[in-house]
Amino acid sequence: MAKRGGFPGGAMPGNMSNLMKQAQRMQRQMEEGQKELETKEFTAAAGGGAVEVTVNGKKELLKVKLSEEVVDPEDIEMLQDLIVAAVNEAMRQADEASSELMGKMTGGLGGLPF
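Residues numbered from 1 in each chain as written. Predicted model: local features only at pLDDT ≥ 70, side-chain atom pairs only at ≥ 80, totals over all residues. Heavy atoms only, no water.

> Describe the sheet that holds strand E3 (residues 61-66), naming the residues involved and giving the relevant values.
The sheet built from three strands is open, its strands ordered E1-E2-E3 with antiparallel pairing. The sheet is open, and its two edges are formed by strand E1 (41-46) and E3, each paired on a single side. On average, each strand axis in the sheet is tilted by 15 degrees relative to the strand beside it, whichever way the strands run. As judged from the six bridges shared by E1 and strand E2 (residues 51-56), these two strands associate in the antiparallel manner. In the strand pairing of E2, Ala-45 is matched with Glu-52. This element, helix H2 (residues 76-106), spans E1, E2 and E3 of the sheet and lies at about 145 degrees to E1. (Pairing = 2+ DSSP bridges. Helix = DSSP H or I, 4+ residues; strand = E, 2+ residues; numbered from the N terminus. Axes fitted to C-alpha atoms, helices over the stretch in contact; angles between N-to-C directions. Contact = heavy atoms within 4.5 Å.)

> I'd like a description of the packing of helix H1 (residues 14-39) against H2, backed by residues and values.
The geometry of H1 relative to H2 is characterised by a closest axis approach of 10 Å and an angle of 165 degrees between their N-to-C directions. The angle between H1 and H2 falls in the class roughly antiparallel. Judged by the twist between their axes, the crossing of H1 over H2 is right-handed. Contacts between H1 and H2 involve Met-26, Gln-29, Met-30, Gly-33, Gln-34 and Leu-37 on the former and, on the latter, Ala-97, Ser-98, Leu-101, Met-102 and Met-105. Its residues assigned to classes, the contact of H1 with H2 comprises seven nonpolar, four polar and no charged. (Parallel < 35°, antiparallel > 145°, perpendicular 65-115°, else oblique. Left-handed = near helix turned anticlockwise from the far one by under 90°. Nonpolar A, V, L, I, M, F, W, Y, C, P; charged D, E, K, R; others polar.)

Set out below in structure tokens:
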């Protein structure tokens, strides 16, 4: 009775070897892209530029810049809302750049057999 499944002699076919090389190359490219993304800065403003924040690709808040006219002790709530809006926009930009990087990296996966 013949064996079922597997490859003759237990060897990997050439296609599988090429597939592994391609996966390793993609992994290196992904790591390089991630490192590059982590060094990028994303700046967003709210309140017509009254609040400006900068985050990096690791989603760390780097800078908060406030214009003098937005610092009103009588209206702290507005300042807080503007900071939250600016931070959320900067984080969205970082997420978008990350998704774009992932799309470029995984775009070549269409030819994989799974």
